[in-house]
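# Structural description and commentary
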Amino acid sequence: MKKRPFIHKFSGVLIALSLFAVGCGNGADSNTNSNSSASNSSGSAANASLKGLTIALTGDAIGFDPQNSTDSISSLISYQIYDRLVTFNDKLEIVPQLAESWETSDDGKTWTFQLRQGVTFQDGTPFNAEAVKTNFDRLINPDKKLSQYATLGQFIESVTATSDSEVVFQLREPQGAFLNNIAVTSGSIISPKSIQENEEGIAKEPVGTGPFKLKSWSSGNEVVLEANEQYWGGTPDVSGITFKTVTENAARVIMLESEEADIIDKVPATDIERLSNDSNFTVNTRSTNRVGYIGINTKQAPFDDVKVRNALNLAIDRETLVKKLYEGRVEVATSFISKNSFGYADVGAYAYDVEAAKKLLQEAGVAEGTPLRIILAANTVQDRPAAEFVQNSLQQLGFKAELQVLELASYLDALKNPDSYDLFVRGASSVTGDGDALLRDSFLSTSKSNYAFYNNPKVDELILAGGQALDKEERQTAYNEALQLIKADAPWIPLYEDSVQVGYSSKVEGITFLPSLLWDLRGVKFK
C-alpha cells in the first residue's frame, strides 16, 4: 500500500481551519472561519441567542437523497446536511472530513480509509465503518436504480469494514479521480438507520452527520434547516438556514435590499454594479467549472446528420453573445469541459459563419421552416438569454425554432423522453474538479445521462482509458484526443464558460464558495 503524501490526521478544529472563507470585501476571500472556536458542550445555550440565515434561491429542491438526485439546488442544501469521507477546500483540493487519512495500493484499486471517531448522526446513530459500508453497499447495487450509480457506484466492487474505524474499498478498475468522485454530494454518508428503516423516505427526511439538519420543507416555498448542536466540527454560528424559492430576479434583489434575505443566488446583470458599489452588500463574482451549452438530440432527424449539427454550431455568434448579452462576464467556451477542470483541452470554439452553415444544411437536404424544439429549465435563469439568442440565430438560419421553458421537474422528465425535444439547454459542471465524471456522464454511449444520445466507440474507449489511468499525463493525452473527436462530431453547441454572482449582506462572512457552484456554509456567521 502507498500512503497519499499530502494527507495527515486532523482534528475537527484543523478541518474547520482548512476551509477558506469569503471575507467582507466585494468578492474578496479571507481565511476566517468560526467553527474552530465553537464548543458542543455550550452549544444549546449559545444557539438560543444566534440568528438564522435566509437565502433566496432561483428554484426548489427535488429531494435530499444524495445518492439519487442530480439537481444543483438539492445538492447545495444536502451539502450542509451531510458529510463525506473527504471533501474540497475552496481551490477544489482534497482535504479530510469523516476520514482522517487514507492509503491506496500500487495498482490504484484498493483504498483504505481510517475514520474519524466519536462522530454521531443527527438521529444519534454512531458513525463507523459499518455505516460507510451500508451507504456504499446501497450505492453499488444496480437493482436500486439510483441516479448516482452510473457516476460512482458502478466502479466499486466491494466495501469492507475491517474494524470500527477502518474501511476498505475495492474498485473494479483503477480510477484516477476516485477521491474527487467521493468528495461530492453523491459520496455523502447517510445514517444507516435511515437506509435500513426508511430508505424510500430519505429524500424528504435526510439524516447525516453534517452541521445542519432538516427542520421543515414546504415544497415550492422554503426549506428550513436548524443547527446540529452536536456537530463534531463545532456548533454552527447561526441558529439555522432558510432556503427560500424565489424565481423572479427582481424579487430576490428586493429581498436582499430589504433584509428579508441575507444571501441571494444569481444576481441579475442589471443589479451587479449597483449592489457592488453599495457598502451594505457584497457581490461575489467568480469563474466556475461550468460550461453553458445546447445539447443536440442526435436520435432525431435531421440532427442525426453531423453536417446539420455543425451547421447549428456555425450559426452562433459566440463573441456577440459573450460581450453584448453577458457584458463580458462570461468567456467563450473553447471545449466541452471547463478550463478550471482537470482534463480540459483547448479544442477551439466553432467559427461563426452563417453562409457555411446554410451550405451544410443545403447539402443535408434540410428544408427551410423545419421545426426545432428547444427545452430550458425555468430555474437556470443565467442560461435563458443564451437560449433566446440561439433560438433567434436558428430562426435566421431558416428553422422554425420554438423555445419551451419548463419547471425543473418537468424538464428532467422531458430529458428522459427523446421524442420530446430536439435541443436542450444545460450546463456541464465538473463538480468533482475532474473531467472524468462529466465526460462519462455526458458522452459515453452507455450513459443514461447522455441526453444527446451521442455514440462514438473511439470516444468511449478514450474516456474509459482516461478514467482508469493513474498517471496524469496519460489521462490528459486520452482526454485531448476524445475532446477533438467530440468537436468533430458536434453533439453539443458549447457556448460559454460560466461565472456566477452571489449577493449577500456585508454583515455575513464565512461562506466558502466552490468553483463547482456548491457553497460550504459550515463557517458562516454574522459579524
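Source: prediction; values computed, not measured.

### Concerning the pattern of salt bridges
Under the definition given, this model contains 27 salt bridges. Put simply, E173 and R440 hold a salt bridge, and the shortest N to O gap is 3.7 Å. On the criterion of sequence distance, the pair formed by E173 in the loop between β10 (166-171) and α5 (178-182) and R440 in helix α14 (residues 435-443) is long-range, its members being 267 residues apart. Among the ionic pairs, R274 bridges to D271, the shortest N-O distance being 2.7 Å. Taken together, the positions of R274 and D271, both in helix α8 (residues 269-276) and three residues apart, correspond to about one turn of that helix. The exposure class assigned to R274 is partly exposed, which follows from its relative accessible area of 40%. Here D271 falls in the buried class, since its relative accessible area comes to 12%. Through salt bridges with shared partners, a single network forms among D65, R138, K144 and E199.

### Quick look at the packing of helix α10 (residues 318-325) against helix α12 (residues 384-397)
For the pair α10 and α12, interaxial distance at closest approach is 11 Å and the crossing angle is 140 degrees. It follows that α10 is oblique to α12 by the angle criterion. α10 and α12 meet at a crossing whose hand is right-handed. Seen from α10, the contacting residues are T320, L321 and L325; seen from α12, they are P385, A386 and F389. Considering only residue class, the contact of α10 with α12 consists of five nonpolar, one polar and no charged.

Here is what the cut-offs are and how they apply
Residues numbered from 1 in each chain as written. Predicted model: local features only at pLDDT ≥ 70, side-chain atom pairs only at ≥ 80, totals over all residues. Heavy atoms only, no water. Salt bridge = Lys/Arg side-chain N within 4 Å of Asp/Glu carboxyl O. Helix = DSSP H or I, 4+ residues; strand = E, 2+ residues; numbered from the N terminus. Buried < 20%, exposed > 50% of the residue type's maximum accessible area, 1.4 Å probe, protein only. Axes fitted to C-alpha atoms, helices over the stretch in contact; angles between N-to-C directions. Parallel < 35°, antiparallel > 145°, perpendicular 65-115°, else oblique. Left-handed = near helix turned anticlockwise from the far one by under 90°. Contact = heavy atoms within 4.5 Å. Nonpolar A, V, L, I, M, F, W, Y, C, P; charged D, E, K, R; others polar.

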